[in-house]
Amino acid sequence: MTDGPDREAVGTLLRHVLEVLDADVAAVYAERGLADYRPRFSPPLRVLVADGPLPIRDLARRVGVTHSAVSQTVAQMARAGLVELTPGADARQRIVHLTDRARELLPVIEAEWAATTAAMRELDAELPVPLADLLHEVLAAMRRRPMRQRIADAGLPPPA
């Protein structure tokens with residue numbers, strides 16, 4: 001029996017690491033009375049603080065994730081009372097705005113972000129390579145040669 005996913009199950013291991021990190025950050029928020037605040041809310045919230053209201057597509061680009069991922073996160077943020085959506089220039093576009101509640105929570109959220117950043121620096125000091133650096137290298141390698149191609153090159157026969 002092991003303490004985590006099998007070493008060969010890299011996707012499962014990555015999800016497990018993210019779950020562990022997110023659970024601890026979520027616990028920090030819950031201890032401060034923000035049980036409905038999720039760690040995944042911070043990147044879009046920080047962009048909206050810096051840039052003001054944005055269409056979901058622009059918010060996704062600024063955060064660095066897919067439109068679908070930001071759309072799901074924004075829906076959760078709206079349910080938590082952190083953002084409001086208004087129609088954009090055309091019927092398909094929705095503009096994301098911070099609510100007064102989100103602005104009231106900013107001191108706690110920004111303090112957590114700063115403390116988490118410092119904690120990550122401490123964790124990085126224990127690792128052979130800073131985690132974010134390694135993850136950026138993984139993404140760059142996947143852009144150069146996607147996993148799908150690597151699997152095919154490893155000898156998996158093409159589908160019938």
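Residues numbered from 1 in each chain as written. Predicted model: local features only at pLDDT ≥ 70, side-chain atom pairs only at ≥ 80, totals over all residues. Heavy atoms only, no water.

Q: Report on the overall build of the chain, specifying residues and quantitative values.
A: Within the chain, the regular secondary structure consists of seven helices and three strands. Counting from the amino terminus, helix and strand elements in the chain follow one another as α-α-β-α-α-β-β-α-α-α. With respect to the principal axes defined by its C-alpha atoms, the chain has extents near 55 × 40 × 25 Å. Across the 160 residues that make up the chain, the buried fraction comes to 22%. In the chain, once contacts between residues fewer than 6 apart in sequence are set aside, the share between residues at least 24 apart is 43%. With the model as given, the accessible surface of the chain reaches about 11,200 Å², and the carbon-plus-sulfur share is 58%. The positive charge centre, built from 20 side chains, and the negative charge centre, built from 22, are 8 Å apart in the chain. (Helix = DSSP H or I, 4+ residues; strand = E, 2+ residues; numbered from the N terminus. Buried < 20%, exposed > 50% of the residue type's maximum accessible area, 1.4 Å probe, protein only. Contact = heavy atoms within 4.5 Å. Areas by Shrake-Rupley, 256 points an atom, 1.4 Å probe, with all protein chains shown as cover. Lys, Arg positive; Asp, Glu negative; His and termini not counted. Charge placed at Lys NZ, Arg CZ, Asp CG, Glu CD.)

Q: Can you break down the environment of Leu98 residue by residue, with the values?
A: With respect to the helices, strands and loops of the structure, Leu98 is situated in strand β3 (residues 94-98). Under the relative-accessibility criterion, Leu98 is labelled buried at 10%. For Leu98 and Ala78, which are 20 residues apart along the polypeptide, the C-alpha to C-alpha distance reads 9.3 Å. Setting aside its immediate chain neighbours within four residues, Leu98 contacts Leu45, Leu48, Val49, Leu82, Val83 and Arg103.

Q: Can you lay out the side chain of Thr99 for me, pointing to particular residues and giving the numbers?
A: Within the element layout of this structure, Thr99 appears in the loop between β3 and α5 (100-126). The residues touching Thr99, leaving out its near neighbours within four places in the chain, are Gly81, Leu82, Val83 and Glu84.

Q: Could you give an account of the sheet that holds strand β2 (residues 83-87), naming the residues involved and the relevant values?
A: The strand order across the open sheet formed by three strands is β1-β3-β2, and the pairing between neighbours is antiparallel. On the outer flanks of this sheet lie β1 (54-55) and β2, each paired with one strand and no other. Relative to β3, β2 is paired through five bridges, and the arrangement is antiparallel. Residue pairing across strands places Thr86 opposite Ile95, the latter belonging to β3. Sheet strands in contact with helix α4 (residues 67-79) are β2 and β3, and its direction is about 115 degrees off that of β2. (Pairing = 2+ DSSP bridges. Axes fitted to C-alpha atoms, helices over the stretch in contact; angles between N-to-C directions.)

Q: Can you explain the side chain of Thr73? Please cite residues and give values.
A: Within the secondary structure, Thr73 is located in helix α4. Owing to a relative accessible area of 6%, Thr73 belongs among the buried residues under this scheme.

Q: Hey, could you go over the environment of Pro107 for me, with residue numbers and the actual values?
A: When you line up the elements, Pro107 lands in helix α5. Of the residues examined, Pro107 reaches a relative accessible area of 55% and is grouped as exposed. Through-space distance from the C-alpha of Pro107 to that of Glu19 is 25 Å; in sequence the pair is 88 residues apart.

Q: Describe the nonpolar core, listing the residues and the values that go with them.
A: Grouped together as the largest cluster of nonpolar side chains are 24 residues, with contacts concentrated most on Tyr37, Leu45, Leu48, Leu59, Leu82, Val83 and Val96. Those elements giving two or more residues to this core turn out to be α1 (10-31), α2 (42-51), α3 (56-63), α4, β3 and α5. No other element matches the four residues that α5 contributes to this core. Excluding residues within four positions of it along the chain, Leu59 makes contact with Pro44, Val47, Leu48, Leu54, Val70, Val74 and Val96. (Core = buried A, V, L, I, M, F, W, Y, C linked by side-chain atoms within 4.5 Å.)

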